[in-house]
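Remarks on the overall topology
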Amino acid sequence: MELSATFVRLFARLVWLLVHDEANVNEQKMSLRGVVSVGKQGAVRLRVADDALYADDELVLPVLSGVPELTARMRAGGVRELEFAKRPAAGEVLALARALAAVDPERPAPDELDRRIAEIGAKSLRVVRADAAPAETPAAAAEPSSPPAPAAEAQVAPAVAGLVSQDTGGMFYQFSSIGTVKDSPDALLRRLAESGSPAETIRLLDDAVALADTAARQGKPLAVLDLLRGMIAHEASAADPDVKRAYVMALRRSSKPLLLRAVAAQLTQAPERRDDVMAVLVRMGQDGAEAVIDQLTQAQTNDDRAVLFDVLAQLEGSVPALVAMLGDARWFVARNAADLLGELKAVSAEGALVRLLRHSDERVRRAATNALMQLGSETAREAVREAVRDRSPQVRMQAAFAIAANGDPKTATTLITAIDVEEDTDVQLAMLLALGRVGTASAVERLIRAAEPERGFFKKKSTAFRVAAVQALAEVKSPLSEAVLKTLASDREKEVRDTVARLTQKGRRSSSVP
């Protein structure tokens, strides 16, 4: 029964995918390969009777995923039995699944299914019509041969090489165990290590995934870690291709946020298990990185954040995961992702960050601006220079300080041009201070013009504007800037004089400190 129960779960899932997720070719391929792998262990007969599905005369529970779908389509198509020989051909299995998927349970059309099946032929399985006379013995057990069968026992042929021959990438969906898994994680992992067949391994892995899910929901993260770490270790040592594929499928099914967040949390809660946690996170790729990112954004202390950031920097999937988060509809998710990409100096994310400068939320654009400057590439600097003209004053201010801190040789020209057209007073003052950080000859020249008294009858400069220029000149610390500050020490405006005096006194104290 174990063989047939596993087989029917996998075949029912394949039919379900072809009906409800036709575009998901990767998962269809993996489900098909699972059917074929289990089918190597022996023949299987599926039968519909009294609105229920039986596998080798044992009832298949209707709560299993895909089973109600398969049962309804067999009945609507006028199918009483499906008989699969040992080692069924993948192409024939897929052709049959497609024929059943095309049946509409709301509009029974046995003749249409007959037509689809009659167009092809098969050697490793057969479909028995509901109105056919009962067979004396299951034909599948004798491995059906090639001669044509009666019309009531229409055959299915391999006409699907395209899907079968494709690469096996994608997700394999195993079915949840029914009932409670009674084994402890250690006991279950021991049974997995001793498993002697792909069918048994699939069933045990199904239990392992279910047990990990239960442990996560019950707040037992170390049990989750033990199970995933053990499965990964067994996967590495598996020699049989079918067994290894079963582990790949189970681990993909385990790469859900509920489980991986429980594992990632142990980086700070159980630091002695760091090696085991890292093994799981590395194996899970981008999904593992996303779990660490989730923990990082919720870290309560700087120490925890440092630990998590160190791990994130080591995970290959971290940058792709963060780039994907840039497109999140929640502004704070995109902002956090941009901040982390900047800290990681993820040059490969440059294009995505540049595009983020067009985000509708100015908080996200500010984060993107800062992140781009941390990358240090010419493309990134050019994008931030463009951000000096952003529609948001806060973004313009952020961009000004960012390019000034980076020491970009084109910064002075960018800021000088921007100051002359800037209408927001606060942004103007920020740009003056940024010029002081640049300190080039052209920057000093513009600051002198900003700091000197207004000439002419009409006063156009505000006192705050001149004070900001004085503060910026003090940042430069060049002979020319110091000479200008001396002349401003006797300026007619008190605020300018006081600012010069304060900055000069501060400079003397700084130079006297040994």
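Being a predicted model, the structure only gives us computed values, none of them experimental.

Considerations on the pairing of strand E2 (residues 52-55)
In regular strands, side chains alternate between the two faces of the sheet. Taken together, the 4 bridges between strand E1 (residues 44-49) and E2 define a ladder with antiparallel strand orientation. Among the inter-strand pairings, Val48 is bridged to a residue of E2, identified as Leu53. In sequence, E1 turns back onto E2 through a hairpin of 2 residues, with Asp50 there showing a positive phi of about 55°.

So, the sheet that holds E1
Strand pairing within a sheet occurs via backbone hydrogen bonds; the two strands may be parallel or antiparallel. A sheet is described by the order of its strands in space; here 5 strands give the open sequence E3-E2-E1-E4-E5, paired in antiparallel fashion. Edge strands, defined here as strands with exactly one partner in the open sheet, are strand E3 (58-59) and strand E5 (125-129).

Details of the pattern of salt bridges
Following the criterion strictly, the structure yields 33 salt bridges and no others. One salt bridge connects Arg47 with Asp57, and the closest N-O pair in it is separated by 3.3 Å. Placement of Arg47 in strand E1 and of Asp57 in the loop between E2 and E3 is noted, with a sequence separation of 10 residues between them. Across the pair Glu69 and Arg73 runs a salt bridge, and its minimum N-O distance is 2.8 Å.

Considering the packing of helix H11 (residues 257-264) against helix H13 (residues 274-283)
Relative to each other, H11 and H13 sit at 145°, their axes nearing to 9 Å. Where H11 crosses over H13, the handedness of that crossing is left-handed. Along its contact with H11, which presents Leu260, Val263 and Ala264, the element H13 presents Val277, Val280 and Leu281.

What to know about the packing of aromatic side chains
With the rule as written, the count across this model stands at 3 aromatic pairs. A network of ring pairs unites the aromatic residues Phe7, Phe11 and Phe84 as a single cluster. For the cation-ring pair, Arg47 lies above Tyr54, with the distance from its terminal atom to the ring centre recorded as 4.7 Å. Above the ring of Trp331, the side-chain terminus of Arg363 is found at 3.6 Å from the ring centroid.

A short note on the nonpolar core
Phe11, Leu46, Leu70, Leu82 and Leu353 are the most contacted members of the largest nonpolar core, which has 152 residues in total. The element best represented in this core is helix H8 (residues 198-217), accounting for 10 residues. Residues within four places of Leu353 in sequence aside, it is in contact with Leu326, Ala338, Leu341, Ala368, Ala371, Leu372 and Leu375.

Topic: the confidence of the model for the protein
Overall, the predicted model of the protein reaches an average pLDDT of 81, with 84% of residues at or above 70. Predicted confidence in the protein is weakest over helix H6 (residues 161-164), with a mean pLDDT of 39, and strongest over H13, with 95. This stretch, residues 135-180, has a pLDDT under 50; its non-local contacts, to residues over four places away or in other chains, come to 119 contacts.

Describing unusual backbone geometry
Notably, Asp56 is not glycine yet its phi reads approximately 50°, a positive angle. Relative to the elements of secondary structure, Asp56 occurs in the loop between E2 and E3.

Brief notes about the packing of H8 against helix H10 (residues 241-254)
Between H8 and H10, the shortest axis-to-axis distance is 9 Å and the interhelical angle comes to 15°. When the interaxial angle is binned, H8 and H10 end up roughly parallel. The handedness of the crossing between H8 and H10 comes out as right-handed. Contact residues: H8 offers Pro198, Thr201, Ile202, Leu205, Asp206 and Val209, while H10 offers Asp242, Val243, Ala246, Tyr247, Ala250, Arg253 and Ser254. Along the lines of polarity and charge, the residues of the contact of H8 with H10 split into 8 nonpolar, 2 polar and 3 charged.

Basis of the calculations
Residues numbered from 1 in each chain as written. Predicted model: local features only at pLDDT ≥ 70, side-chain atom pairs only at ≥ 80, totals over all residues. Heavy atoms only, no water. Pairing = 2+ DSSP bridges. Helix = DSSP H or I, 4+ residues; strand = E, 2+ residues; numbered from the N terminus. Salt bridge = Lys/Arg side-chain N within 4 Å of Asp/Glu carboxyl O. Axes fitted to C-alpha atoms, helices over the stretch in contact; angles between N-to-C directions. Left-handed = near helix turned anticlockwise from the far one by under 90°. Contact = heavy atoms within 4.5 Å. Phe/Tyr/Trp six-rings, centres within 6.5 Å; stacked < 30°, edge-to-face > 60°. Lys NZ or Arg CZ within 6 Å of the ring centre and 35° of its normal. Core = buried A, V, L, I, M, F, W, Y, C linked by side-chain atoms within 4.5 Å. Buried < 20%, exposed > 50% of the residue type's maximum accessible area, 1.4 Å probe, protein only. pLDDT = per-residue confidence, 0-100. Parallel < 35°, antiparallel > 145°, perpendicular 65-115°, else oblique. Nonpolar A, V, L, I, M, F, W, Y, C, P; charged D, E, K, R; others polar.

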